[in-house]
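Read off the chains here:
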Number of protein chains: 6
Amino acid sequence: MRPSGRSPDQLRRIAFTCNYTKHAEGSVLVEFGDTRVICTASVEERVPPFLKGKGSGWITAEYGMLPRATHERTGREAARGKQGGRTMEIQRLIGRSLRAALNLEALGERTVTIDCDVIQADGGTRTASITGGYVALVLAVQRLLKSRKIKTNPVHGQIASVSVGICQGVPVLDLDYAEDCDAETDMNVVMNDAGAFIEIQGTAEGHAFRRDELDAMLRLAESGIADLLLHQQEALESCGIAR
Amino acid sequence: MRPSGRSPDQLRRIAFTCNYTKHAEGSVLVEFGDTRVICTASVEERVPPFLKGKGSGWITAEYGMLPRATHERTGREAARGKQGGRTMEIQRLIGRSLRAALNLEALGERTVTIDCDVIQADGGTRTASITGGYVALVLAVQRLLKSRKIKTNPVHGQIASVSVGICQGVPVLDLDYAEDCDAETDMNVVMNDAGAFIEIQGTAEGHAFRRDELDAMLRLAESGIADLLLHQQEALESCGIAR
Amino acid sequence: MRPSGRSPDQLRRIAFTCNYTKHAEGSVLVEFGDTRVICTASVEERVPPFLKGKGSGWITAEYGMLPRATHERTGREAARGKQGGRTMEIQRLIGRSLRAALNLEALGERTVTIDCDVIQADGGTRTASITGGYVALVLAVQRLLKSRKIKTNPVHGQIASVSVGICQGVPVLDLDYAEDCDAETDMNVVMNDAGAFIEIQGTAEGHAFRRDELDAMLRLAESGIADLLLHQQEALESCGIAR
Amino acid sequence: MRPSGRSPDQLRRIAFTCNYTKHAEGSVLVEFGDTRVICTASVEERVPPFLKGKGSGWITAEYGMLPRATHERTGREAARGKQGGRTMEIQRLIGRSLRAALNLEALGERTVTIDCDVIQADGGTRTASITGGYVALVLAVQRLLKSRKIKTNPVHGQIASVSVGICQGVPVLDLDYAEDCDAETDMNVVMNDAGAFIEIQGTAEGHAFRRDELDAMLRLAESGIADLLLHQQEALESCGIAR
Amino acid sequence: MRPSGRSPDQLRRIAFTCNYTKHAEGSVLVEFGDTRVICTASVEERVPPFLKGKGSGWITAEYGMLPRATHERTGREAARGKQGGRTMEIQRLIGRSLRAALNLEALGERTVTIDCDVIQADGGTRTASITGGYVALVLAVQRLLKSRKIKTNPVHGQIASVSVGICQGVPVLDLDYAEDCDAETDMNVVMNDAGAFIEIQGTAEGHAFRRDELDAMLRLAESGIADLLLHQQEALESCGIAR
Amino acid sequence: MRPSGRSPDQLRRIAFTCNYTKHAEGSVLVEFGDTRVICTASVEERVPPFLKGKGSGWITAEYGMLPRATHERTGREAARGKQGGRTMEIQRLIGRSLRAALNLEALGERTVTIDCDVIQADGGTRTASITGGYVALVLAVQRLLKSRKIKTNPVHGQIASVSVGICQGVPVLDLDYAEDCDAETDMNVVMNDAGAFIEIQGTAEGHAFRRDELDAMLRLAESGIADLLLHQQEALESCGIAR
C-alpha cells in the first residue's frame, strides 16, 4: 500500500487552471496532487545573440520555488545570489523537453520563456512543470496565431512528463514527497504523443536497478503519460482550443 | 473618474484566503483588486547571531515577484544573481512594519520569516504584502500558542498599509497600476489599530506636494486603513481566531 | 536638553567647501556637525539605454561610506561583493530627490552622476548627501553653461533635506548619532525652495507616532530646510554663482 | 561508417595513467580516445555540517574544463564568477555515481573530493570522468587502508560509464565529438559490476527515440561498460592493487 | 624639465594631517602633491581563523578609490560587485609592506586593518598609501600602548614607499600622473629605516630597462625614502609621539 | 646544501612538450622540475572594445590551478565565484610580460589569450607560466604566419622568467616549494634576450634585503634566464621553428 493509498499505477489528482494570471501570453496553474506550479509562457520579440538574423525563434525555461513551498523553509536563491545546481538542472530539462515540441523556424524571430514557479511542493515538481509548461506554451502560441503574428502552428508534438520509481521493491507511478524520499530508484520520463521518448533520467538512490525493473518503470511511465496527454487536451479544449 | 470607476476614497476589492499553502506555519493569499500576493510566515527555532542568548526573537521579511507578475516579463533576480534596490527597499519596509506589531521577547528565541511573493502585480504590492503579512504572522503565532511553545501572545498591535496619491490633482486611495504610473505623488502609509503611524513614505513623482495635499492624503489613508483592519479581523475570525 | 546641548529646533554647524576635489565637474565637502560627506557631480556625454535618442538627459546617484566612517569598522561593500539594502535605499532617495530639481530635457543627452561618499558619520548622512549633492550639481551645471554645452539652466528648483525625530517625547531637528540611536521616531524630509515636499520618509523606531507629533516634526523640518537653503545659497555665492 | 572508422559497438582507445600527479591521495589521467581528463581524489579529515558527529563520511565531485580544452576557447568559469548549468549538472552526476560505489560509514568521518578536470575534450568527458574518478577513488582508499586509517574497504562496487547514441539511424557506442554534434539521441549510462544501472540519462536531440532504439542503446552500453570495467581492473592491478 | 617643474630627484610636497577622522584608532590624510589618501587603522579584538589561539595578531589592508578621484569617473567597485585586479594587487602590497614593520606576537590576538581610500588621484596612490598607512598604524598602536592593552611596542621598523621611473630617458623620483602615463619604466620601492628593501616592483611599460637604469632608479628611491622617513617622524612628533 | 641537492645557481630540470593539446593554436606543457603548467595560446579574430578599429591587436593572459595541484586541496575558484587576489596578480604579470615581446600592430585586429593552468605546483608557477607562455605564443604566431593571416612576425623579442631568493642567507636560483616557504626574500624576474629587464618583483618575506643581496639575486637571475632562453630555442627548433 502506498502512503497515499493509491495503487502502484495510479496518478495523483491532475488539474489545470488555464489563464491563471492575466499578464502572461499563456499561463496555467498545474496540480499533481498537492504539488502546485504556476507556469507562464512569455513571448518577446527578440532572440538570443547566437540566433540573430537566422530566421529562427527560441524557447527557454526558468524554474524556481517559493521559499516556503517546502516542508522546511529553503533560502531564497535571489538572496543567496545564485541559482543552485538542482534548479539549473531542472530548468535545462524543461527547456530541452519543450524545445522538442516546437518548430523554431515556424515561431519566427521571437523567444518564448516558460517560467515554472512552485507554490507548493509535494514531489514531482519537474514533471508537473514540463506537463504544465506545455499547456502554457500552447496558450501563448494560440494568441500568436489569433493575432496573425505567425501563420503556421509551430507546435508539432504534444509533450508530458511523469516520474516513476521503485519503492519497497514495487514499481510505482507519480511519486509524491513521502515516496520520493524513500525510493530506491527514481526516474523522470518525458514522452510525446507518438509514444516516443524525449528524456529519460533514472537515478539509483539506494540500490542499483536491474534491467527488468527499468522495463517495469518504463511501462508505468508510458501508461501515466498517456493519461496526462488526455488531461492536457481536456484542459485546452475547455479553453476553446481544438485538438 | 478613476480608470477603475472607483470613487477617490474607495478601496479595491480586498480578499484574504487563509491557509493558502500547507507547509508554512501561517499562509495567506491576499488580493487588493488584481494584485495578488502569497504571504507565508515561517517559524524557525533559531535567531540571528546578534541575538543569540539574549532571550529575544526576531522577525524579518523577504519580497519577490514572479517574473511574469508584471505587464512585461521582468528578469528573475535569482538568475541575475542579486536582488535589486527596489526589492531590498520593500522587504526592509515590510520587516520594519511588522516588527512594530510584535513583542520580540514574548516570541522567545525563534525567528519568523515573512515571505511575500507577488503572483500578479497591479499596483500596491508592498501595501498588500504588509497587510497580508500581518495575517500570516497572526496565523503562525496562533499555532505557536496552541502548541504551547509560547504562553503570551507576542502580537501587541494590528498593522495594515495602503497607498494614497494625487492623480490629476485629486487625492485618491489605493492606487492601481494605471493610476500609479500617472500619479504626481505617491505615498505608502502603515498604521496600527490605535490610529498611529508606523511608516510614511511619500514621493513627489511629478510636482512637489503642498502641505494641504499631504493632509488630504493622510486623511484618505486613515480611512482606508480602518477598513483594511476590519477586513483582516473578519478573515482571522473566519479561521476561528477571535479578535 | 539634547546630548549636543542644542535647542530642539537648532541645526548643527553647517559648512560647504566647494571645489573640494580637482577632477570632478562639481564637488563639495558638506558638513552637518561631525558628519562629513564628499559630494561630486560627474558629467558624461552619454545616457542610459532607455533614454537613447530621446533628447533627454539623466541624473543618478551613488552612495558609499568609508569603512571606518563609523564607530566600529563596517565591512567594505566592494570586498563583500555587493551593496547592502541600506546603501541602495539611500542612493535611490538621493537620485529621486535631485531629479526633482532638474529639467532633464534642458540637460541634453548627458548623464550627471552624484557620488556621495561619507568620510565621517555622525547621523544624518543621507540628508547631508542630498543637501551637498544639490550644491555639487549646481557647480557642474554652471561649468556646462560656461562652456556653452547647454544654453538654458536645467536646474529649476533648489533642494535641501534634513532629519527630524521624537527623542524622549520631544520633537527635535537634525539628529546626530547619539539621538538617532535613541529616537522613537525618525523622519527624513526633502523640500524645495517653494516650500513643497519632494520626499517624506518617517519610521516609528519605538512607538508609533500620532498625527500631532507628525505635524510638529513637519514644522521643524520646514524651518530647518529654510535655513539649509540659505546656507547653500551663501556657499554658491561665495564661488561667484548668483542666486 | 563512423567518422573515426570504428564499428558501432567499438570503444575508442582507453588508457589510464595512474598516480599522474604527486600531491593527491589518488590521481589518474584517463583517456577515451582524444578526450583526456585528470581525475584526482583528495581525502580531508572533515565532513560537511549535515554529517558532523554521525559517524559517516562523504564523497563529492567537482568538474571543470581548461578554457582551451575545446575547439573554440570557452570563457573561464572562475573569471565569469560562476559555474554554468552544464558544469553543475555533470559534477552532480559524477558525485551521485561514485556515491553508489562507496559505503560511507566504512569511510569514517572524512570527505573524498573527486576533481575531474578536462585537459582535452573530444566527446564523452562526463563518462570518462566517472570511469577515471572511480580509479582515483580506489587509489585514495588504498592509501587510507595502508596507513590503517580505515580497516574495511569502503568501496563495495565497481562503477564505469559510457555514452551511447543514435547517429544517422544507427545505434553506436562511445560517441566522439564529431558524432556527438550530429547524434539524434545521446544517452549516458552508469553501471556497476553486477550489471545493474546507477544512472541513465537519455536525451532526444533531434527526433524522439522509440522503445526498440532505447533497448538497442542499452545493449551497447552494457557491453561497453563490461569492457571498461576490465580496463579499470588492469590499470589498478598494474599498480599492485588486487581485484 | 619635468611637467611639474621639479628636478629629477625632487619629491612633491608631502603632508600628513594626523587624526583626520574621529572614529578610527589611527587616521591620517596623506598628500603626495595632489594625490590625497585617507588612511585609517582600525583595531579589532579578533584574529582570522588561521591564527586563533596562536598568541599572534594580524595586520591587513584594503584599498579603494572614490569614483571621481580620477580624471574620468571610474565605476564604483561596490556597484560592479567585485574588486578589480589592480585594487587587489595594491591592497596585498600595502598589507605585506606594513607586516614587515610589525611584531605580530607583541600585538597580541588582535587585528589591525589599514584602510587606504584615495580621495584624489594624481599618480603614486600606492606609495602614498603605504607611507600614510605606516603613520596611521603608529597612531593606533600608541593608543593601545596608552590604554595598556599591550606592553611592548610591536612596531619594530619604520616603513615608507616611493615610485621611481624613467621618463624620456631620464630617471626621476615620485612620478605624478602626467609622468606616470608617459613613463617607459615605472618602479615602486618600499624600504625601511635601516636602508633595506621590503618590496621592489618594477615594470617596463615601453622599453625594457637595463641594469644601469635599474641602479639609477634605486639610488633615487633610497634618497626619496630617506626624506619620507623624516616627514613621517615630524608628523608623529607634532602629535607628541617621540621617535 | 639546498633541499633538492642543487647548487645555488642551478636550475631545476627544464622541459617543454610542444603541441601538448590539439585544439589550441599554440600549446606547450612546461616543466620546471615538478612544477607542471599547460600553456595554450588561443587566437580570436576580435579585439577588446577599447581597441576596435585602431588596427592593433591584443594579448592577455589567464592563470589557474587545478584544485589538487597543491599539497592540500585548494578550493576551486569557479565554485567560490571569484578569482583570488593572487590569481589576478599573476595573470596580470603574465599578460604584461608577454605584451613586451609583441608588436601589437603587426598582430592585426586579433586577440591572443594565453591560458596557464597549473597541473602540479612545486614553486615557481608564475615564472614557468611566463616562460612556457612565450613558447605557446610563438607556436600560435607561426600558424598565423603559415596561413598568411599576418605577414610580419609580430614577436620582436624573446622573454623568459625565473625566481631567485635568499634562503638561509644564501642567494639561490629557481626556488622549489620547500625553499619558497622558507625563503627570507623571494624575487621574480622577467628578462628579454637583450639582457634587459621587463619585470622585477621582489618581496622580503622575513628580513628586509640589502642592496648587495639584491645585486647577488639579479646576477643569478641573469644567468638562469640566459639558460631558459636556450631551452626555449631548442624546444622551438625541435618543432621546426628557426631562431
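Model, not experiment: these values are computed from the prediction. (Residues numbered from 1 in each chain as written. Chains lettered and ligands numbered in written order. Predicted model: local features only at pLDDT ≥ 70, side-chain atom pairs only at ≥ 80, totals over all residues. Heavy atoms only, no water.)

Trainee: What am I meant to see in the overall build of chain A here?
Mentor: Of regular secondary structure, chain A possesses six helices and nine strands. The C-alpha atoms of chain A give 18 Å as radius of gyration, which agrees with the globular expectation for 243 residues (18 Å, within 12%). Summarising the internal contacts of chain A: among those between residues at least 6 apart in sequence, 68% fall at separations of at least 24. As displayed, chain A has an accessible area near 9,200 Å², and 48% of this comes from carbon and sulfur atoms. One way to put it: in chain A the 29 positive side-chain charges average out to a point 8 Å from where the 32 negative ones average out. (Helix = DSSP H or I, 4+ residues; strand = E, 2+ residues; numbered from the N terminus. Rg over C-alpha atoms; globule rule 2.2 N^0.38 Å. Contact = heavy atoms within 4.5 Å. Areas by Shrake-Rupley, 256 points an atom, 1.4 Å probe, with all protein chains shown as cover. Lys, Arg positive; Asp, Glu negative; His and termini not counted. Charge placed at Lys NZ, Arg CZ, Asp CG, Glu CD.)

Trainee: Sorry if this is basic, but what is going on with the relation of the copies chain A and chain B here?
Mentor: What relates the two chain copies is a rotation about an axis together with a slide along it. You can overlay chain A on chain B at an RMSD of 0.0 Å; the transform is a turn of 180° with a shift of 0.0 Å along its axis. Look at the turn and shift together and you get a two-fold axis relating the two. No C-alpha of chain A approaches the rotation axis more nearly than that of Ala78 of chain A, which lies at 1.9 Å. The residues that chain A uses at the interface reappear at the interface of chain B in 100% of cases, marking a shared surface. (Least-squares fit on C-alpha atoms with pLDDT ≥ 70 in both.)

Trainee: Help me understand the interface of chain A and chain B in this model?
Mentor: Note on interface size: it is often stated as the accessible area lost on association of the parts. Between chain A and chain B, the residue contacts involve 39 residues of the former and 39 residues of the latter. Summing both sides of the interface, chain A and chain B together bury roughly 3,000 Å²; the carbon and sulfur share of this comes to 47%. Inspection of the chain A/chain B interface yields 15 salt bridges. One salt bridge connects Glu25 of chain B with Arg68 of chain A, and the closest N-O pair in it is separated by 2.5 Å. (Buried area = accessible area lost by both parts, 1.4 Å probe. Salt bridge = Lys/Arg side-chain N within 4 Å of Asp/Glu carboxyl O.)

Trainee: Mind showing me how you'd approach the relation of the copies chain F and chain E here?
Mentor: Placing chain F over chain E gives an RMSD of 0.0 Å and needs a rotation angle of 180°, together with 0.0 Å of translation along the axis. When you check the interface residues of chain F against chain E, 100% turn up at the interface there too, and the contact is symmetric in its surfaces.

Trainee: Sorry, what's going on with the side chain of Thr131 of chain A here?
Mentor: All names here are of chain A. Of note, Thr131 is situated in helix H4 (residues 125–146). Here the side chain of Thr131 touches Thr127 through a polar contact of 2.8 Å, landing on its backbone oxygen. Ignoring any residue separated from it by four or fewer positions in sequence, one finds Thr131 in contact with Phe16, Phe32, Ala160, Ser161, Leu228 and Gln232. (Polar contact = N/O pair within 3.5 Å; in protein donor to acceptor, adjacent residues only side chain to side chain.)

Trainee: Help me understand the packing of helix H4 (residues 125–146) of chain B against helix H6 (residues 211–237) of chain B, please; the structure alone is not making it clear to me.
Mentor: The angle between the axes and the distance between the axes are what describe a pair of packed helices. All names here are of chain B. At a minimum axis separation of 11 Å, H4 and H6 run at an interaxial angle of 30°. In this structure, H4 meets H6 at a crossing whose hand is right-handed. Across the interface between the two elements, Thr131, Tyr134, Val135, Val138 and Leu139 of H4 pack against Leu228, Gln232 and Leu236 of H6. Class assignment of the residues belonging to the contact of H4 with H6 gives a composition of six nonpolar, two polar and no charged. (Axes fitted to C-alpha atoms, helices over the stretch in contact; angles between N-to-C directions. Left-handed = near helix turned anticlockwise from the far one by under 90°. Nonpolar A, V, L, I, M, F, W, Y, C, P; charged D, E, K, R; others polar.)

Trainee: Please explain unusual backbone geometry as it appears in this structure.
Mentor: It is generally the case that most residues other than glycine have a negative phi and that most peptide bonds are trans. Residue and element names in this part refer to chain B. The phi angle at Asp174 is positive, at roughly 55°, despite the residue not being glycine. Mapped onto the elements of the fold, Asp174 is located in the loop between strand S7 (170–173) and helix H5 (177–182). We classify Asp174 as buried; its relative accessible area is 0%. (Buried < 20%, exposed > 50% of the residue type's maximum accessible area, 1.4 Å probe, protein only.)

Trainee: Even after reading the chapter, I still don't get the nonpolar core, so can you show me in this structure?
Mentor: What tends to happen in soluble globular proteins is that the nonpolar side chains get buried as a cluster. Ranked by size, the top nonpolar core spans 447 residues in total, and within it Ile114 of chain A, Ile114 of chain B, Ile114 of chain C, Ile114 of chain D, Ile114 of chain E together with Ile114 of chain F carry the most contacts. Discounting residues that sit within four places of it in the chain, Ile114 of chain F has contacts with Thr40, Ala41, Ile59, Thr60, Ala61, Glu62, Leu98, Gly133 and Leu137 of chain F. (Core = buried A, V, L, I, M, F, W, Y, C linked by side-chain atoms within 4.5 Å.)

Trainee: Would you explain the interface of chain F and chain E in this entry?
Mentor: Across the boundary between the two partners, chain F contributes 26 residues, which contact 26 residues of chain E. Overall, the association of chain F and chain E removes approximately 2,400 Å² of surface from exposure, summing both partners, and the carbon and sulfur fraction of that is 55%. Its largest share of buried area at the contact with chain E, chain F owes to Glu89, Phe197 and Arg211 of chain F, together 24% of the area lost on that side. Connecting chain F to chain E are four salt bridges. Salt-bridge contacts for Arg211 of chain E lead to Asp215 of chain F; the nearest nitrogen and oxygen are separated by 2.6 Å. Among the secondary structure elements, those contributing two or more residues to the side of chain F that touches chain E are helix H2 (85–99), strand S9 (197–204) and helix H6 (211–237) of chain F. Looking at which element gives the most residues to the side of chain F that touches chain E, the answer is S9 of chain F, with eight residues. The residue inventory of the side of chain F that touches chain E, partitioned by class, reads 10 nonpolar, seven polar and nine charged. Summarising the sheet, strand S9 (residues 197–204) of chain E and S9 of chain F pair through five bridges and their orientation is antiparallel. Among the inter-strand pairings, Ile200 of chain E is bridged to a residue of S9 of chain F, identified as Gly202 of chain F. (Pairing = 2+ DSSP bridges.)

Trainee: Can you walk me through the pairing of strand S4 (residues 58–65) of chain A in this structure?
Mentor: Side-chain direction in a regular strand flips from residue to residue, so the side chains alternate between the two faces of the sheet. Residue and element names in this part refer to chain A. Within S4, six of the eight residues are buried, leaving the element largely enclosed by the surrounding structure. Strand direction decides the pairing type here: S4 and strand S5 (residues 111–120), joined by eight bridges, are parallel. Note that in S5 the partner of Trp58 across the bridge is Thr111.

Trainee: Explanation requested: the UniProt feature "binding site: phosphate" (unreviewed entry) in chain A in the structure shown.
Mentor: Residues and elements named next belong to chain A. Taken from the UniProt record, the annotation "binding site: phosphate" (unreviewed entry) applies to Arg86, Gly124, Thr125 and Arg126. Across 41 residues, the annotated set stays spatially compact, with a maximum C-alpha separation of 13.3 Å. Among the structural elements, Thr125 can be located in helix H4. According to the relative accessible area criterion, Thr125 is buried, its value standing at 6%. What Thr125 contacts, discounting residues up to four positions off in sequence, is Thr35, Val37, Tyr63, Arg86 and Val118. Of the polar contacts made by the side chain of Thr125, one reaches the side chain of Tyr63; its length is 2.6 Å. Tracing the backbone shows Arg126 in helix H4. With sequence-adjacent residues up to four places away left out, Arg126 is seen in contact with Arg86, Glu89, Ile90, Leu93, Asn188 and Gln201. (UniProt positions renumbered as here; feature names shortened; annotations may be inferred.)

Trainee: Is there a simple way to explain the sheet that holds strand S1 (residues 14–18) of chain E in this structure?
Mentor: Neighbouring strands of a sheet are bound in pairs by backbone hydrogen bonds; such pairs are parallel or else antiparallel. All names here are of chain E. One open sheet accounts for five strands, arranged S1-S2-S3-S5-S4; its pairing is mixed. Every interior strand has two partners, whereas the edge strands, S1 and strand S4 (58–65), have only one. Each strand of the sheet is rotated relative to its neighbour by a mean of 20°, with strand direction disregarded. With nine bridges joining them, strand S3 (residues 35–44) and strand S5 (residues 111–120) adopt antiparallel strand pairing. Opposite Val37, over in S5, you have Val118 as the bridge partner. The strands that helix H2 (residues 85–99) touches are S4 and S5; relative to S4, the one it contacts most, it runs at about 145°. Relative to the sheet, helix H4 (residues 125–146) contacts S1, strand S2 (26–32), S3, S4 and S5, its axis offset from that of S3 by approximately 35°.

Trainee: For this particular structure, what's the right way to read the arrangement of the chains?
Mentor: Chain C shows no contact with chain D. Their nearest C-alpha atoms sit 11 Å apart. One finds no contact linking chain A with chain E; the least C-alpha distance across the pair is 11 Å.

Trainee: How should the sheet that holds strand S5 (residues 111–120) of chain D be read in this particular structure?
Mentor: Residue and element names in this part refer to chain D. Taken in spatial order, the five strands line up as S1-S2-S3-S5-S4 in an open sheet, and their pairing is mixed. Every other strand in the sheet has two partners, leaving strand S1 (14–18) and strand S4 (58–65) as the edge strands with one partner each. Adjacent strand axes in the sheet meet at a mean angle of 20°, parallel and antiparallel pairs treated alike. Pairing analysis gives seven bridges linking strand S2 (residues 26–32) to strand S3 (residues 35–44), with the strands arranged antiparallel. Note that in S3 the partner of Ser27 across the bridge is Thr40. With respect to the sheet, helix H4 (residues 125–146) is in contact with S1, S2, S3, S4 and S5, its orientation differing from that of S3 by roughly 35°. Strands S1 and S2 of the sheet are contacted by helix H6 (residues 211–238), whose axis makes an angle of about 30° with S1.

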